[in-house]
Every structure is written in C-alpha cells, then in structure tokens.
Amino acid sequence: MSGGALPEGEWAVTAVLVRDDTPVLTSVHVPLTAMLIDASVVRVSVPATMRLIRVAGGRMDAFREFSDVRSGLLPGALPVSEADDTVTDTEGRPWSPAGSDFLACTPGVHTQAVNIASARA
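Quick summary incoming for the structure in this document. Source: prediction; values computed, not measured.

We now examine the sheet that holds strand E3 (residues 62-65). An order of E3-E5-E4 is seen for the three strands of this open sheet, with the pairing classed as antiparallel. Either end of the sheet is taken by a strand with one partner, and the two such strands are E3 and strand E4 (86-88). The sheet shows a mean angle of 10 degrees between the axes of neighbouring strands, taken without regard to direction. Both E4 and strand E5 (residues 102-105) contribute to a ladder of three bridges, which runs antiparallel. Across the sheet, Thr86 pairs through a bridge with Cys105, a residue of E5.

Structure (structure tokens):
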C-alpha cells in the first residue's frame, strides 16, 4: 500500500494490553483483501501474531523468531500461553520482551524445537 490510505471501509488493528511485561489481552484484525484489490503480485509479511494464532489453534506445531521485531510477538504470546502451549526463547528459558529470540510451540515438540533452534542461533 506504500503508505497510502486503505480502501473505504477497510481497516487493520493488532493490539495487546501488557501488564508488568506480560501480555494479558490480545485483539487482532488483519484484512488482507485491502492489499489485494489493485495488485497483481503481492509479497505480504504479516505480524507474527497470525502465525502464533495458528500455533495456539493447533494448526502449526512451532514458530520461532530471531529478530528484535516484537510488534507481533506480544499479542501472539497470550493466545499461545492460554492454549497451554509453550513460549520460551530458543534456549528454552522463559521468554521476555527484552530477549533477542522467541519460540512458541506445542508441548509435545518443545524439547526438539529448542534443540533445533538453539543449534542454529
């Protein structure tokens, strides 16, 4: 969209309420149709929140992020935790917004995911 306005009636929001560096409430709305209206080729990089919702919903086993971009991690960490999945850093330590990496996965694959992710860090 190159900084232009969204088409009339379209909007997007990712919001998280954080208390003591812990996400406590998340709300997400990302309509991709707004980006596809006049495009023939689109490369979309949505916030990590959408992928984390897939982990929380059981449609994806693991997700890892090696960057300082936290805009999608805070809102996504809450639904993953509420689904009794695991949120850590790639070494298996509890994740903090101050950390440099992020790993969310189902409990059944957490140990293996930590082994793989920490070997590549």
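Let us now look at the pattern of salt bridges. What the rule picks out here adds up to one salt bridge. The closest approach of N and O atoms between Asp89 and Arg93, which form a salt bridge, is 2.9 Å. The exposure class assigned to Asp89 is buried, which follows from its relative accessible area of 9%. With a relative accessible area of 49%, Arg93 lands in the partly exposed category.

With that out of the way, let us pick up the nonpolar core. Listed in full, the twelve residues of the largest apolar core are Ala48, Leu52, Val55, Phe63, Leu73, Leu74, Ala77, Val80, Val87, Trp95, Phe102 and Ala104. Phe102 has contacts with Leu52, Phe63, Arg64, Glu65, Leu73, Ala77, Val87, Thr88, Asp89, Thr90 and Trp95, leaving out every residue within four places of it along the chain.

Now for unusual backbone geometry. Even without a glycine there, the phi angle at Asp20 is positive, about 55 degrees. When you line up the elements, Asp20 lands in the loop between strand E1 (13-19) and strand E2 (22-29). Of note, Asp84 is a non-glycine position whose phi angle comes to about 65 degrees, a positive value. As for its placement among the helices and strands, Asp84 is situated in the loop between helix H3 (73-82) and E4. Judged by relative accessible area, Asp84 falls into the exposed class, the value being 65%.

The residue Thr88 is located in strand E4 in this model. Note on Thr88: relative accessible area 5%, which makes it buried. A polar atom in the side chain of Thr88 sits 3.1 Å from the side chain of His110. If we ignore the near neighbours within four places in the chain, the residues touching Thr88 are Arg93, Pro94, Trp95, Phe102, Leu103, His110 and Val114.

Turning next to the pairing of E3. Residues of E3 alternate between two faces, with Phe63 and Glu65 buried on one and Ala62 and Arg64 left unburied on the opposite face. Pairing analysis gives four bridges linking E3 to E5, with the strands arranged antiparallel. Bridge pairing links Glu65 to Phe102 in E5.

Reading the values: rules and limits
Residues numbered from 1 in each chain as written. Predicted model: local features only at pLDDT ≥ 70, side-chain atom pairs only at ≥ 80, totals over all residues. Heavy atoms only, no water. Pairing = 2+ DSSP bridges. Helix = DSSP H or I, 4+ residues; strand = E, 2+ residues; numbered from the N terminus. Axes fitted to C-alpha atoms, helices over the stretch in contact; angles between N-to-C directions. Salt bridge = Lys/Arg side-chain N within 4 Å of Asp/Glu carboxyl O. Buried < 20%, exposed > 50% of the residue type's maximum accessible area, 1.4 Å probe, protein only. Core = buried A, V, L, I, M, F, W, Y, C linked by side-chain atoms within 4.5 Å. Contact = heavy atoms within 4.5 Å. Polar contact = N/O pair within 3.5 Å; in protein donor to acceptor, adjacent residues only side chain to side chain.

Geometry only, nothing functional implied.
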